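# Notes for the structure review
Okay, here's what each chain looks like letter by letter:
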Amino acid sequence: MTQVIDRRLNGRNKSAVNRQRFIRRFKSQIKRAVADAVSSRHIDDIDDGEKINIPARDMSEPVFQHGPGGRREAVHPGNTDFVTGDRIKRPPQGGAGQGGKAGNSGEGEDDFAFQLSREEFLELFFEDLALPDLVKTQLATLTDFKSVRAGYTSDGVPSNINIVRSLRGALARRIALRGPHMQRLREAKAELTALQPVPGTVDDEQQTSDRQVAALEEEIRHLKRRIEAIPFIDTFDLRYNNRIKQPVPSTQAVMFCLMDVSGSMDEIRKDTAKRFFILLYLFLKRNYERIEVVFIRHHTTAKEVDEDEFFHSRETGGTVVSSALELMHETIRERYPASEWNMYAAQASDGDNWDNDSPKCRDLLLNRIMPCLQYFAYVEITPDRHQSLWQEYGRVADICPHFAMQQIESAQDIYPVFRELFRKRVT
Amino acid sequence: MTAKLISESSEWTFELIERYDGEIARIAAGYGLDTYPNQIEVITAEQMMDAYSSVGMPVNYHHWSFGKQFLGVEQRYKRGHMGLAYEIVINSNPCIAYLMEENTITMQALVIAHAAYGHNSFFKNNYLFQTWTNADAIVDYLLFARKYIAECEQRHGEKEVELLLDSCHALMNYGVDRYKRPSRLSAEQERRRQKEREDYRQSQVNDLWRTLPPRKETASTHDEQHFPSEPQENLLYFIEKNAPLLKPWQREIVRIVRKVAQYFYPQRQTQVMNEGWATFWHYTLLNTLYDEGLVGDGFMIEFLQSHTNVVAQPAYDSQYYSGINPYALGFAMMTDLRRICEKPTDEDRHWFPDIAGSDWVKTLDFAMRNFKDESFIAQYLSPRLIREFKLFSVLDDDSRDQLEISAIHDEKGYRNIRQSLAEQYNLGSREPDIQIYNVNRRGDRSLTLRHTQYNRRPLDGSADEIVKHIARLWGFTVRLESALENDNIELTHECRV
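Residues numbered from 1 in each chain as written. Chains lettered and ligands numbered in written order. Predicted model: local features only at pLDDT ≥ 70, side-chain atom pairs only at ≥ 80, totals over all residues. Heavy atoms only, no water.

### With respect to the overall build of chain B
Along the backbone of chain B there are 21 helices and nine strands. Looking at chain B as a whole, 58% of its 497 residues qualify as buried. In chain B, of all internal contacts separated by at least 6 residues, the share reaching a separation of at least 24 is 73%. As displayed, chain B offers around 21200 Å² of accessible surface, 48% of which is attributable to carbon and sulfur atoms. (Helix = DSSP H or I, 4+ residues; strand = E, 2+ residues; numbered from the N terminus. Buried < 20%, exposed > 50% of the residue type's maximum accessible area, 1.4 Å probe, protein only. Contact = heavy atoms within 4.5 Å. Areas by Shrake-Rupley, 256 points an atom, 1.4 Å probe, with all protein chains shown as cover.)

### Details of the overall build of chain A
For chain A, the helix and strand inventory stands at 13 helices and 13 strands. The buried share of chain A, reckoned over its 427 residues, is 41%. Expressed as a percentage of contacts within chain A between residues at least 6 apart in sequence, the contacts between residues at least 24 apart total 82%. Surface exposure of chain A reaches about 23500 Å², of which carbon and sulfur atoms provide 50%.

### Here we look at the interface of chain B and chain A
Frequently, the measure chosen for interface size is the accessible area removed from exposure when the parts meet. Counting residues at the interface gives 96 residues for chain B, matched by 68 residues for chain A. Counting every contact that joins chain B to chain A gives 11 salt bridges. Measuring nitrogen to oxygen at the nearest pair gives 2.7 Å for the salt bridge that ties A:Arg7 to B:Glu41. For the interface between chain B and chain A, the tally reads 42 residue pairs in polar contact (both at pLDDT 80 or more). With 10 residues, the top contributor of residues to the side of chain B that touches chain A is helix H3 (residues 64-78) of chain B. (Salt bridge = Lys/Arg side-chain N within 4 Å of Asp/Glu carboxyl O. Polar contact = N/O pair within 3.5 Å; in protein donor to acceptor, adjacent residues only side chain to side chain.)

### Side note on the packing of aromatic side chains
For the coordinates displayed, the defined rule picks out 36 aromatic pairs over all chains. When the ring of A:Phe26 is compared with that of B:Trp64, the centres are 5.1 Å apart and the planes differ by 75°; the resulting orientation is edge-to-face. Within this pair, whereas A:Phe26 is found in the loop between helix H1 (16-25) and helix H2 (27-39), its partner B:Trp64 is found in helix H3, the two belonging to separate chains. Each ring, one from B:Phe238 and one from B:Trp474, has its centre 6.0 Å from the other, and the planes form 20°; the classification is stacked. On the criterion of sequence distance, the pair formed by B:Phe238 in helix H10 (residues 235-242) and B:Trp474 in helix H21 (residues 463-474) is long-range, its members being 236 residues apart. The buried category is assigned to B:Phe238, whose relative accessible area is 3%. Clustering of aromatic rings is evident, with ring pairs tying together A:Phe376, A:Tyr378, A:Trp390, A:Tyr393 and A:Phe403. (Phe/Tyr/Trp six-rings, centres within 6.5 Å; stacked < 30°, edge-to-face > 60°.)

### What to know about the pairing of strand E3 (residues 95-100) of chain B
Residues and elements named next belong to chain B. With six of six residues buried, E3 lies mostly within the body of the structure. Neither face of E3 is left uncovered, since the one carrying Cys 95, Ala 97 and Leu 99 and the one carrying Ile 96, Tyr 98 and Met 100 both have all their residues buried. Pairing of strand E1 (residues 38-43) with E3, which is carried by six bridges, proceeds in the parallel orientation. Paired with Ile 43 across the two strands is Met 100, which belongs to E3. The antiparallel pairing of strand E2 (residues 89-90) with E3 creates a hairpin that spans four residues between the two strands. (Pairing = 2+ DSSP bridges.)

### Things to note about a nonpolar patch on the surface
Residues A:Ile163, A:Leu167, A:Phe232 and A:Ile233 make up a contiguous nonpolar surface patch of roughly 390 Å² in combined accessible area. Of the residues examined, A:Ile163 reaches a relative accessible area of 57% and is grouped as exposed. (Patch = residues over 30% accessible without salt bridge, like charges linked within 9 Å, V, L, I, M, F, W, Y side chains within 5 Å.)

### Considerations on the nonpolar core
All names here are of chain B. Counting 81 residues, the largest nonpolar core has Leu 329, Phe 376, Leu 381, Leu 391 and Leu 421 as its most contacted members. Element by element, the count of residues in this core is highest for helix H4 (residues 105-125), at 12 residues. When near neighbours in sequence (up to four residues on either side) are disregarded, Leu 381 contacts Leu 329, Met 333, Phe 352, Phe 376, Ile 386, Leu 391, Arg 418 and Leu 421. (Core = buried A, V, L, I, M, F, W, Y, C linked by side-chain atoms within 4.5 Å.)

### Focus: the pattern of salt bridges
Evaluated as defined, the whole model comprises 48 salt bridges over all chains. Through salt bridges with shared partners, a single ionic network connects A:Arg21, A:Arg24, A:Arg25, B:Glu153, B:Glu158, B:Glu162 and B:Asp166.

### Some words on the side chain of B:His493
All names here are of chain B. Residue placement: His 493 occurs in strand E9 (residues 489-495). Residue class for His 493 comes out buried when judged on its relative accessible area of 14%. For His 493, the side chain forms a polar contact with the side chain of Thr 492, separated by 3.0 Å.

### Observations regarding the sheet that holds strand E8 (residues 478-483) of chain B
All names here are of chain B. A sheet is described by the order of its strands in space; here four strands give the open sequence E6-E7-E8-E9, paired in mixed fashion. In this open sheet, the two strands that pair with only one neighbour each are strand E6 (433-439) and E9. Across the sheet, the mean angle from the axis of one strand to that of its neighbour is 25°, orientation sign disregarded. For E8 and E9, the ladder comprises six bridges, and the chain directions are antiparallel. Considered in E9, the bridge of Ala 483 is made with Ile 489. Taken strand by strand, H21 contacts E6, strand E7 (447-452), E8 and E9, and its axis lies near 65° from that of E9. (Axes fitted to C-alpha atoms, helices over the stretch in contact; angles between N-to-C directions.)

### Concerning unusual backbone geometry
Residues and elements named next belong to chain B. Residue Pro 94 is bonded to the preceding Asn 93 through a cis peptide linkage, with omega at 0°. Take Pro 94: it is sitting in the loop between E2 and E3. Of note, the phi angle at Lys 390 is positive, near 50°, even though the residue is not glycine. Looking at the secondary structure, you find Lys 390 in the loop between helix H18 (383-389) and strand E4 (392-397). By relative accessible area, Lys 390 is classed as partly exposed at 38%.

### Here's the deal with the packing of helix H2 (residues 45-53) of chain B against H3(B)
All names here are of chain B. Two elements in contact, H2 and H3, have axes whose closest approach is 8 Å; the angle formed by their N-to-C orientations is 140°. Taken as axis vectors, H2 and H3 run oblique relative to one another. Like other packed secondary-structure pairs, H2 and H3 cross with a definite hand, here right-handed. Of the residues in H3, those in contact with Ala 45, Met 49, Asp 50, Tyr 52 and Ser 53 of H2 are Phe 66, Gln 69, Phe 70, Val 73, Glu 74 and Tyr 77. Partitioning the contact of H2 with H3 into residue classes produces seven nonpolar, two polar and two charged. (Parallel < 35°, antiparallel > 145°, perpendicular 65-115°, else oblique. Left-handed = near helix turned anticlockwise from the far one by under 90°. Nonpolar A, V, L, I, M, F, W, Y, C, P; charged D, E, K, R; others polar.)

### Overview of helix H7 (residues 158-170) of chain B
Spanning 13 residues, H7(B) covers 18 Å between terminal C-alpha atoms, matching the ideal 18 Å at 1.5 Å per step. Among all positions in H7(B), only B:Val161, B:Glu162, B:Leu164, B:Leu165, B:Asp166, B:Ser167, B:Cys168, B:His169 and B:Ala170 are buried. For H7(B), the secondary structure elements touched by its buried residues are H1 of chain A together with H3, helix H6 (138-156), H10, helix H11 (248-269) and H21 of chain B. (Expected span 1.5 Å × (residues − 1).)

### What about the side chain of A:Ser388?
By the secondary structure assignment, A:Ser388 is in helix H12 (residues 388-399). Among all residues touching A:Ser388, those that are not within four sequence positions of it are A:Asp355 and A:Ser358.

### A short note on the confidence of the model for chain B
Residues and elements named next belong to chain B. Per-residue confidence for chain B gives a mean pLDDT of 86, with 90% of residues at or over 70. The weakest mean pLDDT in chain B belongs to helix H9 (residues 215-221) at 44; the strongest belongs to helix H14 (residues 326-342) at 95. Two numbers describe this predicted complex: its pTM, 0.68, and its ipTM, 0.82. (pLDDT = per-residue confidence, 0-100.)

### Describing the pairing of strand E5 (residues 402-407) of chain B
Of all six residues in E5(B), five are buried, a share of seventy percent or more. Pairing geometry for strand E4 (residues 87-89) of chain A and E5(B), over three bridges, is antiparallel. Considered in E5(B), the bridge of A:Lys89 is made with B:Gln402. Here three bridges tie E4(B) to E5(B), and the two strands are oriented antiparallel to one another. Residue pairing across strands places B:Leu395 opposite B:Glu404, the latter belonging to E5(B). The hairpin turn running from E4(B) into E5(B), its antiparallel successor, is four residues long.

Quick look at the structure:
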């Protein structure tokens, strides 16, 4: 009558399709929520999925219902002190004192909340973003090779000899070469047995057969020698493992973060800059297996520091941007050969610079740095008018298509700017 | 004594589940519970969430709203806001009940008693289920529906199908025949006849919109020939048969949604009874196991703890209050019925002369077979239970400033409370009464719906959206008017196409 079935191994994600459809349908709302989330998060949070809140009214499924108003009677349990005919003030909302639904701990009931997985989050976050000419630069940097197996070859170095293959070839050769001799040998032996002396035969018959026996024995000896002379292994038999080199796209990238930490960069600007770096970092992380980040901060002199110091320590003093660019160039030369690394740089500054340093920066960029970089993004965090650095960088941007610059004012501007910088270019 | 215990530890195994099932089945048969064969399926929590979001059906077509439901359930479950209900049971033959892998053997036994014998016997014998659903065919039919809709998605695009389903879902509660018995579902037949139906329906519709009669006749005849001649309450059915612009495949999808709505219609009307019945029986069956010495004290304490949680009814002023708990009310009423049969008081004899002192098994069985929530409460809610629950009734009339306590649990109030509680479970008054009133066949083909107000209660804000959905299905202008209590008709919503 009863049947017990174990279904635990059946497909788990029956709802996956429905889930995808849900996300697709509310993409615009979800993307808005993602954008909001990014502007208020730290880099370590960004690695997780995201809890998304969507206003419930946006996704309600309407059904005909009674609205408030009219006359209604409701029965409730747990009367303590009411008696018939009591009048009570109408509670502010919810008709006949439906009572608030058990508050689910601070979550607005108007919001529908759910968790996006990390993949879904980043997918939405990066949607239709791509580094400019990414494919092209990848092809251009195909300088790394990987050696892969590719069958066998008859020629190579002794350390690559494939023993099994070689011996198998040798065996086959031996069998093939000795075939005709073996056959003759078997026949000769059979004839010899047939000629064994039979008692009571005539003498001259005996003599003839003795001669024949001698001839046969001679032949057998000769055949055995031939067979033994076939070599056990021959150079002809040798097989070598074959390996060929395949070009692989470089999967590592280095990202330079350059920031001005002079007195004019206050905490808020640093914070804005940080978010900008985070976005670039995340994007690279999606495209490259390994990423190194180099933090270079500068005032009048530049210094390579770790992430903590980069964002949190404060220095005062003037600003010489070229010091940072020089340090970056040196680092590239020493540690990051252009053939092995994809290089990206992001610079944040408030636009301050010694006036006569700016042309120097431009030359440095044009002549030495830009040729090895995949992309250089510069953001100027200032509500004010641009200064000389912006103009000089402008000239770089005119010449180099992989140089981008933007001005941002507050944390809210970052996301759109980021999208603008890394917009998918239609080729 | 302990030698008789079925299990000692809390771990479950398939053998144990089978043994418990065997014992429970034996006891249930002793009480005369009549059930479909059971199919008990062991699943994981994840699969349980899947089952939740496709409204408990083992197969269903794809739609984003199920995804939404899934995400909601998943989110609440992961954050610990809710435990998964420990059972989902499907009104099918064989009756499918799910057991969750994570549960202890006690919980598994509880679920078996609750779902596989309680709900199962209710599905099989309650008149609403017998009349309106067809347990033999539902799984096959859903398979057919899923396949058909998937085909439509391929042929006509997911977007198109999704829009159509959205519109149909909005009218789902109005896709039900309340009085006419629906024809039996049969997937095989559906498939065979579906093509036939397509052609036939198209020809019917074309006929409906056949070219106008000659001009001179129109003046005299077209005046007031109402179509439909009687108002129609099954909106989806009317649309399926008469919407002028729907393509055959679209009509078929409307039909599928309508059939699914019909299938769930009895469940919406028997929540208190169904849960009450199942809870009563798991309580009775497991207690009998205990009396027979088959389960120990530990088992009972674990069982009683979750049983008590299920039937808890917070008071109206508690922060956990969210309306009357159907498990609590249903269980209390079933238990009370048994008490009235076994140990009637004078009050019971006065209120329930027919059943006081009768055989409780027969009385309960009769109640289970022949009622729905509304009538069950109207018939069997006893004064004693009203006192126990301390029920009181609040009148909210928007023409007055204050709410009034119209009845409490006293001699004068019993009937009043019983009546208004029964009314609360009456689908007819819980849902606005909206019917197809007129189609302007000779003019702009507009469709007019009429909402007959109940106690002056207006429609809520979502009506606007729904009228748009109806207009999408109908293809021409749709109007919704309200018939007020003073016999005036007021146009409340309109969607021009």
